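Commentary on secondary and tertiary structure
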Amino acid sequence: MKAILIINAGSSSVKFALYATKPELAAKPALWGQIEGIGATPMLSAQDAAGLRYREPVHTAGGQAEQHRDALNHLFAWLAANNPALDIVAAGHRIVHGGELHSAPVRLDELVLRELDSFVPLAPLHQPHNLRAVRAVAVMLPGIPQVGCFDTAFHRSQPPLAQAFALPRAITARGVKRYGFHGLSYDYVARQLPEVLGARASGAVLIAHLGNGASMCALRDGKSVASTMGFTTVDGLMMGTRTGSLDPGVLLYLMEQQDMDAKALTNLLYKESGLLGVSGISQDMRTLLASPAREAKEAVDLFCYRIAREIGSLAAAAGGLDALVFTGGIGEHAAPVRAQVAELSAWLGVKIDAQANAAHATRIDAADSRVAVAVVPTNEERMIARYTAEVLKL
């Protein structure tokens, strides 16, 4: 089978999928899975289209870069051993930051990789792992073409005002602006909306990508006009372990009065806050919804409140609110979160059908809701596969 290998390399996991080249590309992948727990107890898990499941430990050693290398080596060895008829003809990668240079998927070569290396300071917790995977594929599967698909690209349609910070022009000129992320997810979901929403799909649509990483995006005519994430992936909504929007004065206070340095602040912002920090229990929404603890409820309430606050802001940017769409792990599966967000947004005309919401139906708006409300599963890997095939004309 000729296939496109899709890789989404994160700080502690490597997600992968294999899509057959056309005409099967639009269907589900032939194989998908991940190596999770890098830096702790790595484990490979996978499932194929026939329903067979695989699971085995992965041995890694050394620092983070070496552990990622070992994980990728294990993945390629496992693919070769378990799929002898597999012919990988291309690889597609999720790359978080394309900066201002890349507003569309691109074939990767050394020149492009050097350009993307320059964006590492803009996404230090994501970009190095993304690029490490590209270079690993070049070594392990020499000669196959690779394509980079950028989380920032979908948002390049935003007007200049939506991308600007109120900073001196010299700083803005160095690339400090609102980029927005989760673009591959928004791109995929936006393509499903005409079927789900009909004519409303071209109106003012807000998509809430809610998961361990969470953000929202405002669309007009299917294009991004504003987003909650800005210069980095820590901005905007409260997340699993990330703060979301935070008064910069808090950071100055922590630096000056609590002697916290850049490393300590990075851990605080990205790994110790959000649902985990507020609850003191877990970053997992499922655990918090099942917990009787007051702190768990407070964390969920704050999560929903922040979403409702951003709905008001994004509706202003979109010029109205014709539809609200939920996606991502929490958005697709946490009915209580959707219900609470809808209740907080009732003043905008949002009203959901309780039974449809509990059943995770595609359309969950009540008959008398002024706003269409939908649940649309996202699929970033499928979007990457599609782009890879288009760029390489497979």
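Look up a bit, the structure's there.
First, a word on scope: everything that follows refers to the structure included in this document. (Residues numbered from 1 in each chain as written. Predicted model: local features only at pLDDT ≥ 70, side-chain atom pairs only at ≥ 80, totals over all residues. Heavy atoms only, no water.)

Together, Val-278, Leu-302, Tyr-305 and Leu-344 give the surface a local cluster of nonpolar side chains, amounting to about 300 Å² of exposed area. A residue is classified by how much of its surface remains accessible, and Leu-344, at 37% relative accessible area, is partly exposed. (Patch = residues over 30% accessible without salt bridge, like charges linked within 9 Å, V, L, I, M, F, W, Y side chains within 5 Å. Areas by Shrake-Rupley, 256 points an atom, 1.4 Å probe, with all protein chains shown as cover. Salt bridge = Lys/Arg side-chain N within 4 Å of Asp/Glu carboxyl O. Buried < 20%, exposed > 50% of the residue type's maximum accessible area, 1.4 Å probe, protein only.)

Relative to the helices and strands, Gln-127 is located in helix α3 (residues 127-140). Polar contacts involving the side chain of Gln-127 include one to the main-chain carbonyl oxygen of His-97, which spans 2.9 Å. Excluding its chain neighbours within four sequence positions, the residues that come into contact with Gln-127 are Ile-95, Val-96, His-97, Leu-116, Phe-119 and Val-120. (Helix = DSSP H or I, 4+ residues; strand = E, 2+ residues; numbered from the N terminus. Polar contact = N/O pair within 3.5 Å; in protein donor to acceptor, adjacent residues only side chain to side chain. Contact = heavy atoms within 4.5 Å.)

With that settled, consider the nonpolar core. Counting 58 residues, the largest nonpolar core has Leu-206, Leu-210, Met-216, Phe-303, Ile-311 and Val-337 as the members making the most contacts within it. The element best represented in this core is helix α11 (residues 294-318), accounting for 10 residues. When sequence neighbours within four positions are dropped, the list of residues in contact with Ile-311 reads Leu-206, Met-216, Leu-321, Leu-324, Val-341, Ser-345 and Leu-348. (Core = buried A, V, L, I, M, F, W, Y, C linked by side-chain atoms within 4.5 Å.)

Look at helix α1 (residues 64-82): 27 Å from first C-alpha to last across 19 residues, which is about the 27 Å you get at 1.5 Å a residue. Those residues of α1 not exposed but buried are Gln-67, His-68, Asp-70, Ala-71, Leu-72, Leu-75, Phe-76, Trp-78 and Leu-79. (Expected span 1.5 Å × (residues − 1).)

What follows covers the pairing of strand β12 (residues 323-327). Judged by how many residues are buried, β12 sits mostly within the fold: five of five residues are covered. A two-sided burial pattern is seen for β12, the buried positions comprising Ala-323, Val-325 and Thr-327 on one face and Leu-324 and Phe-326 on the other. When strand β9 (residues 204-209) meets β12, the two strands line up parallel, connected through five bridges. Opposite Leu-206, over in β12, you have Leu-324 as the bridge partner. Bridge analysis of β12 against strand β13 (residues 372-375) gives four bridges, and the strand direction is parallel. Paired with Phe-326 across the bridge in β13 is Val-375. (Pairing = 2+ DSSP bridges.)

Scanning the entire structure with this criterion turns up three aromatic pairs. Measuring from centroid to centroid gives 6.4 Å for Tyr-179 and Phe-231, while their planes differ by 35 degrees, and the two rings are tilted. Taken together, the residues span a long stretch of sequence, with Tyr-179 in the loop between α5 (169-172) and α6 (183-197) and Phe-231 in the loop between β11 (223-227) and α7 (248-257) at a distance of 52 residues. The exposure class assigned to Tyr-179 is buried, which follows from its relative accessible area of 2%. (Phe/Tyr/Trp six-rings, centres within 6.5 Å; stacked < 30°, edge-to-face > 60°.)

Another aspect to go through is the sheet that holds strand β4 (residues 43-48). Reading across the sheet, the eight strands line up as β5-β4-β3-β2-β1-β6-β8-β7 and stay open at both edges, with mixed pairing between neighbours. The strands lining the two open edges of the sheet, one partner per strand, are β5 (53-57) and β7 (106-107). When strand β2 (residues 13-20) meets strand β3 (residues 31-36), the two strands line up antiparallel, connected through six bridges. Following the sheet pairing, Leu-18 is matched in β3 by Leu-31. Packing of α1 onto the sheet brings it into contact with β1 (2-9), β2, β3, β4, β5 and β6 (87-95), and relative to β2 it is tilted by some 30 degrees. (Axes fitted to C-alpha atoms, helices over the stretch in contact; angles between N-to-C directions.)

The mixed open sheet is built from five strands, whose spatial order is β11-β10-β9-β12-β13. Either end of the sheet is taken by a strand with one partner, and the two such strands are β11 and β13. Adjacent strand axes in the sheet meet at a mean angle of 25 degrees, parallel and antiparallel pairs treated alike. Docked against the sheet, α6 engages β9, β10 (215-220), β12 and β13, running at close to 130 degrees with respect to β9.

Packing of α6 against helix α15 (residues 380-392) brings their axes to within 8 Å, and their N-to-C directions diverge by 85 degrees. Taken together, α6 and α15 sit at an angle that is classed as roughly perpendicular. Contacts between α6 and α15 involve Leu-184, Ser-185, Asp-187, Tyr-188 and Arg-191 from the first element and Glu-380, Arg-382, Met-383, Ile-384, Arg-386 and Tyr-387 from the second. (Parallel < 35°, antiparallel > 145°, perpendicular 65-115°, else oblique.)

Unusually for a residue other than glycine, Asp-221 sits at a positive phi of about 55 degrees. With respect to the element layout, Asp-221 can be found in the loop between β10 and β11. A positive phi angle, close to 55 degrees, is found at Lys-393, a residue other than glycine. Along the chain, Lys-393 turns up in the segment after α15. Residue Lys-393 is classed as exposed on the basis of its relative accessible area, which comes to 73%.

Glancing now at the pattern of salt bridges. Evaluated as defined, the whole model comprises 15 salt bridges. Arg-94 serves as the salt-bridge partner of Asp-151, at 2.6 Å between the closest nitrogen and oxygen. Of this pair, Asp-151 sits in the loop between β8 (146-150) and α4 (160-163) while Arg-94 sits in strand β6, and the two are 57 residues apart along the sequence. We note that Asp-151, like Arg-94, is buried. Between Glu-390 and Arg-386 there is a salt bridge, with its nearest N and O atoms 3.3 Å apart. Placement of the pair is Glu-390 and Arg-386 together in helix α15, with a separation of four residues, close to one helical turn. The class for Glu-390 is partly exposed, based on a relative accessible area of 43%. Residue classification places Arg-386 among the partly exposed positions, given a relative accessible area of 38%.

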